[in-house]
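Residue-level structural notes
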Amino acid sequence: MTTVVDLLRTRRPSAAGLLGAALVSMLLAGCARESGIGLHGQTTAQLEEDRAKCLPFVQAHTDAGADLAEAACLIARGYRAPLSIAQGPSRIGYLYVEKRGEAPGMLTDFQACQVEAFKTPMPVIPDTDTSGIFSNLWAKFFPRGMTSKPPSPDDWVLKYFGDCLTRRGYAVSGVSRYQ
């Protein structure tokens, strides 16, 4: 990373060059943590070594998907890895859970909760019945109020996924949607 910064400084010694060097170094530092895996006292070299050790587990559980199997293996090894939930090729969101048992058991729970999240029907949110000219007109333009918007089906799937894992005894945190 210092070589990139040095190159930028030698080509543009002005303030703009220093700003560019700082921007590049921040971008490179951001890419290093792009995976979202939290290190709890481990080094990045140890993370790569543990990922290599998880490869046989991931290959043995191809039905679960590589992301989910790797996350279960890394969580079992003490990392904080994101659990992604996706429908087909589109990713919906992710969340984090605390370690609870061994990787095969956790993977079974993760798969079961994904299935349950997609099979749970979305609740019907009834609109309130209003009376009067102004309130009736207002309700037609803003059926759920002016500032709120109804949750999307993806929001409900992510919520149900987290709720299922919580019922199974996992401590769920960091529930987030992909943008």
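This is a predicted model, so every value here is computed, not measured.

Attention now goes to the side chain of Asp50. Topologically, Asp50 is positioned in helix H3 (residues 44-60). On the basis of relative accessibility, which here comes to 8%, the residue Asp50 falls in the buried class. For Asp50, the residues in contact, after removing those within four places along its chain, are Leu74, Arg77 and Tyr79.

We now examine the state of the cysteines. Summed over all chains, the structure comprises two disulfides. With its sulfur 2.1 Å from that of its partner, Cys113 forms a disulfide with Cys164. On the sign convention where negative is left-handed, the bridge of Cys113 and Cys164, at about -70° about the S-S bond, is left-handed. Of the two residues, Cys113 is situated in helix H5 (residues 103-119) and Cys164 in helix H7 (residues 153-167); the sequence distance between them amounts to 51 residues. Exposure class is identical for Cys113 and Cys164. Each is buried. If you count the bonded cysteines of the protein chain from the N-terminus, they pair up as 1-2, 3-4.

Describing an aromatic ring pair means giving the distance of the ring centres and the angle of the ring planes. Applying the stated criterion across every chain yields a total of four aromatic pairs. Taken together, a centroid distance of 5.2 Å and an interplanar angle of 45° make the contact between Tyr94 and Tyr178 tilted. Placement of Tyr94 in strand S2 (residues 90-97) and of Tyr178 in the segment after strand S3 (172-177) is noted, with a sequence separation of 84 residues between them. Of the residues examined, Tyr178 reaches a relative accessible area of 28% and is grouped as partly exposed. Taking 5.6 Å as the distance between ring centres and 50° as the angle between the ring planes, the aromatic pair formed by Phe110 and Tyr170 counts as tilted.

Taking strand neighbours across the sheet as the criterion, the three strands line up as S1-S2-S3 in an open arrangement whose pairing is antiparallel. Each edge of the sheet is formed by a strand with only one pairing partner; in this case those strands are strand S1 (82-87) and S3. Pairs of neighbouring strands in the sheet enclose a mean axial angle of 20°, with direction left out of account. Judged from the four bridges that link them, S2 and S3 form a sheet pairing that is antiparallel. Bridge assignment links Gly93 to a residue of S3, and that residue is Arg177.

Within the protein chain, residue pLDDT values average 77, and 66% of them lie at 70 or more. Ranking the elements of the protein chain by mean pLDDT puts helix H2 (residues 15-32) last with 40 and H5 first with 95. Note on residues 1-13: pLDDT is under 50 here. Beyond four places in sequence and across chains, it has twelve contacts. Here residues 16-34 is a poorly scored stretch, pLDDT under 50, and it has 14 contacts once near neighbours within four places are set aside; other chains count.

The rules we used
Residues numbered from 1 in each chain as written. Predicted model: local features only at pLDDT ≥ 70, side-chain atom pairs only at ≥ 80, totals over all residues. Heavy atoms only, no water. Helix = DSSP H or I, 4+ residues; strand = E, 2+ residues; numbered from the N terminus. Buried < 20%, exposed > 50% of the residue type's maximum accessible area, 1.4 Å probe, protein only. Contact = heavy atoms within 4.5 Å. Disulfide = S-S within 2.5 Å. Phe/Tyr/Trp six-rings, centres within 6.5 Å; stacked < 30°, edge-to-face > 60°. Pairing = 2+ DSSP bridges. Axes fitted to C-alpha atoms, helices over the stretch in contact; angles between N-to-C directions. pLDDT = per-residue confidence, 0-100.

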